[in-house]
Amino acid sequence: MTQSNNDQANEISHPHAANVLAKRTLLLAAGAMGFAQTVLFAILAPLGREIGLVEVQIGAIISCSSLTIFLVSPLWGRASDMWGRRKVLLIGLFGYSAGSILFAGVFQAALLGYLIPLIALALLITTRVANAVVMAAVSPSANAYMADITTVQDRIKGMGAIGAATNIGSILGPAIGGLLASISLITPLYFSVLLTLAAAILAVYALPVLPRPAHVRKPKKLKYTDPRIFPLVVAGVLLFMGFAIVQQTIAFRFQDVLGLDGTQTAKIVGISLMLSAAAALIVQLLVIPRLSVRPFVLLRISMPMMMISFAIMAITDTQSMYMLAMCILGLGMGLAGPGFMAGASVAVSSDEQGAVAGVAGACPPLGFTVGPILGTYLYSVDGALPYWFAFGCYFLLFFFTMKFKDRK
């Protein structure tokens, strides 16, 4: 029997127990990616400075990879419709592990003095972009897989569980990364490789191949301007752009307003990001599963909460109030994230789940491509301006979402 026939033979319906195992595997993959991302954000700045890079060059590495994810996520979403969710997810996990080894290897060579800063920068951007190409396969395939094994009524809970797993990884990333950095700054990167590789190996053995139609047609390209999802695309980009503005400027805000040195700033920012992720996790574990509301309702509830957090960041001058603002922001994102993903999923037909997951998965990286650049520019003009700008965007977004109704 050929491999193709073997794959076809495996494409059968699976009982409830298999779906439970599949969900757990998806959550582990999401958690591993959340860990890997936050570990990188925690160590990239000091690592870059160790090899002679300046702040703008370090930021360019993240911007280039975010833009790459934005461009290729829809392609991976459609690929999951054609090739299967499992196959695309495995490409993303194994590819990310291999790409991270190359990325860490460039840093290692530069730390040992084998690369001058300019060559190191070029290689870091190249390897990170290549890594982002395959990394972009994970989110749309995992979300589409979750959509395939959940009912429309349970879709928000499924998306919330993936968000919760990502947040668990985001909480553990800075904590464990900080401990591992005491060995060397590059050790957390290698540990993240082991974690994503473990998730990939588990997926090989534990993730069932979902049944597909006997005649697989080439999926139609889902445009960002498709009227079924366009309101959510606008909401998603602005949502994550506002979050990116905060994430990339809050360290400046802490340091300048509270008069901290670099070490104190890193410690306080790390704690604030962990509190924000923890707040989002609490919402997604304890609140989302108990709610029976439509996706746009979650977005409408979250907007005023996050507007309050931006206003606090703009006007306060105490550490405790900044921490409170970050917690409120986390609560809002905990509601908005699942609402955004579930809203996109239920807006289209079952055979477009991969395509819509790709489009939805491209919105966060687009927000994170624009947000850091815009936020740091606004901060250079006035320290409170980024937060008032984000407040204004969310104010308009709140009324924008009021004009649209969820698909029944």
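Residues numbered from 1 in each chain as written. Predicted model: local features only at pLDDT ≥ 70, side-chain atom pairs only at ≥ 80, totals over all residues. Heavy atoms only, no water.

*Asks:* Can you lay out the overall build of the protein chain for me, pointing to particular residues and giving the numbers?
*Replies:* Within the protein chain one finds 14 helices and zero strands. The order of α-helices and β-strands along the protein chain, N terminus first, is α-α-α-α-α-α-α-α-α-α-α-α-α-α. When the 408 residues of the protein chain are sorted by exposure, 54% land in the buried category. A fraction of 84% describes how many contacts in the protein chain between residues 6 or more apart in sequence connect residues 24 or more apart. When the accessible surface of the protein chain is split by element, carbon and sulfur atoms take 69% of a total near 17,900 Å². (Helix = DSSP H or I, 4+ residues; strand = E, 2+ residues; numbered from the N terminus. Buried < 20%, exposed > 50% of the residue type's maximum accessible area, 1.4 Å probe, protein only. Contact = heavy atoms within 4.5 Å. Areas by Shrake-Rupley, 256 points an atom, 1.4 Å probe, with all protein chains shown as cover.)

*Asks:* How would you explain the nonpolar core if you had to name every residue and give the values?
*Replies:* Counting residues in each nonpolar core, the largest one holds 55 residues, and the members touching the most others are Met 306, Met 313 and Leu 329. Taken together, the elements giving at least two residues each to this core come down to helix 9 (230-258), helix 10 (262-287), helix 11 (295-315), helix 12 (319-346), helix 13 (353-381) and helix 14 (385-402). A total of 13 residues in this core trace back to one element, the largest contributor, which is helix 9. Beyond its immediate chain neighbours, meaning those up to four positions away, Met 313 contacts Val 246, Ile 250, Arg 253, Tyr 322, Ala 325, Met 326, Leu 329 and Tyr 387. The next biggest cluster of nonpolar side chains, apart from the first, holds 32 residues, and it includes Leu 89, Tyr 96, Tyr 145 and Ala 203. (Core = buried A, V, L, I, M, F, W, Y, C linked by side-chain atoms within 4.5 Å.)

*Asks:* Report on the packing of helix 9 against helix 12, specifying residues and quantitative values.
*Replies:* With their axes 11 Å apart at the nearest point, helix 9 and helix 12 run at an angle of 165 degrees to one another. When the axis of helix 9 is compared with that of helix 12, the two are roughly antiparallel. Of the two possible hands of crossing, helix 9 and helix 12 adopt the one that is left-handed. Packed against helix 9, whose contacting residues are Leu 232, Gly 236, Leu 239, Phe 240, Phe 243, Val 246, Ile 250, Arg 253, Phe 254, Val 257 and Leu 258, the element helix 12 presents Gln 319, Tyr 322, Met 326, Leu 329, Met 333, Ala 336, Phe 340, Gly 343 and Ala 344 at the interface. Considering only residue class, the contact of helix 9 with helix 12 consists of 16 nonpolar, three polar and one charged. (Axes fitted to C-alpha atoms, helices over the stretch in contact; angles between N-to-C directions. Parallel < 35°, antiparallel > 145°, perpendicular 65-115°, else oblique. Left-handed = near helix turned anticlockwise from the far one by under 90°. Nonpolar A, V, L, I, M, F, W, Y, C, P; charged D, E, K, R; others polar.)

*Asks:* With reference to specific residues and values, describe the packing of helix 11 against helix 14.
*Replies:* Two packed helices can be described by the angle between their axes and the distance between those axes. Between helix 11 and helix 14, whose axes approach to 9 Å, the crossing angle comes to 160 degrees. The orientation of helix 11 relative to helix 14 falls into the category roughly antiparallel. The hand of the helix 11/helix 14 crossing is left-handed. Along the contact surface, helix 11 presents Phe 296, Arg 300, Met 303, Pro 304, Met 306, Met 307, Phe 310, Ala 311, Met 313, Ala 314 and Ile 315, while helix 14 presents Tyr 387, Trp 388, Ala 390, Phe 391, Tyr 394, Phe 395, Leu 397, Phe 398, Thr 401 and Met 402.

*Asks:* Summarise the confidence of the model for the protein chain; cite the residues concerned and give the values.
*Replies:* Residues of the protein chain with pLDDT of at least 70 account for 87%, and the chain-wide mean is 80. Confidence over residues 1-14 falls short of pLDDT 50; this stretch has ten contacts with residues more than four positions distant or in other chains. (pLDDT = per-residue confidence, 0-100.)

*Asks:* Break down the side chain of Thr 196 for me, with residues and values.
*Replies:* Take Thr 196: it is sitting in helix 8 (residues 187-206). When its relative accessible area of 0% is taken as the criterion, Thr 196 is described as buried.

*Asks:* So what about helix 11? Which residues, and what values?
*Replies:* For helix 11, with 21 residues, the first-to-last C-alpha span of 31 Å sits near the 30 Å given by 1.5 Å per residue. Most of helix 11 is tucked away: 15 of the 21 residues are buried. (Expected span 1.5 Å × (residues − 1).)

*Asks:* Any chance you could break down the packing of aromatic side chains for me, citing the residues and the numbers?
*Replies:* Using the criterion set out here, one finds nine aromatic pairs in the structure. Judged by centre distance (6.4 Å) and plane angle (75 degrees), the rings of Trp 76 and Trp 83 are edge-to-face. Residue class for Trp 76 comes out buried when judged on its relative accessible area of 14%. For Trp 83, a relative accessible area of 43% translates into the label partly exposed. Residues Phe 395 and Phe 399 carry aromatic rings whose centres are separated by 5.1 Å and whose planes lie at 65 degrees to one another, so their mutual orientation is edge-to-face. Residue Phe 395 and its partner Phe 399 are both found in helix 14; the two are separated by four residues, about one turn of the helix. In textbook terms, an aromatic cluster arises when at least three aromatic residues are bridged by ring pairs, as seen for Phe 395, Phe 398 and Phe 399. (Phe/Tyr/Trp six-rings, centres within 6.5 Å; stacked < 30°, edge-to-face > 60°.)

*Asks:* Kindly report on empty space enclosed by the protein, identifying the contributing residues and their values.
*Replies:* Going through the model one piece at a time under the given rule, you end up with three cavities of 30 Å³ or more. Roughly 50 Å³ of volume is contained in the largest cavity. Lining the largest cavity we find eleven residues, and of these Met 159, Met 341, Ser 345, Val 356 and Ala 357 sit closest to its centre. Sorting the residues of the lining of the largest cavity by element identifies helix 6 (138-148), helix 12 and helix 13 as the ones contributing at least two each. With four residues, the single largest contributor to the lining of the largest cavity is helix 13. (1 Å grid on protein atoms, 1.4 Å probe; cavity = no way out; pocket = protein on both sides within 12 Å on 5 of 7 lines; lining within 4 Å. Points joined across faces, edges and corners; volume = space filled by probe spheres on them.)

*Asks:* So, helix 6: which residues are in play, and what are the values?
*Replies:* The buried fraction of helix 6 is high, at nine of eleven residues. The set of residues buried in helix 6 consists of Val 138, Pro 140, Ser 141, Ala 142, Asn 143, Ala 144, Tyr 145, Met 146 and Ala 147.

*Asks:* Please set out a nonpolar patch on the surface residue by residue, giving values where relevant.
*Replies:* The grouping of Phe 94, Leu 197, Ile 201, Val 204 and Tyr 205 at the surface amounts to a nonpolar patch, some 470 Å² of accessible area in total. Counting residues per element, the nonpolar patch draws most heavily on helix 8, at four residues. Counting through the fold element by element, Phe 94 comes out in helix 4 (residues 85-111). A relative accessible area of 34% means that Phe 94 is categorised as partly exposed. (Patch = residues over 30% accessible without salt bridge, like charges linked within 9 Å, V, L, I, M, F, W, Y side chains within 5 Å. Salt bridge = Lys/Arg side-chain N within 4 Å of Asp/Glu carboxyl O.)

*Asks:* How would you sum up the side chain of Arg 85? Please name residues and give values.
*Replies:* Mapped onto the secondary structure, Arg 85 falls in helix 4. Among the polar contacts made by the side chain of Arg 85, one reaches the side chain of Ser 80 at a distance of 3.0 Å. (Polar contact = N/O pair within 3.5 Å; in protein donor to acceptor, adjacent residues only side chain to side chain.)

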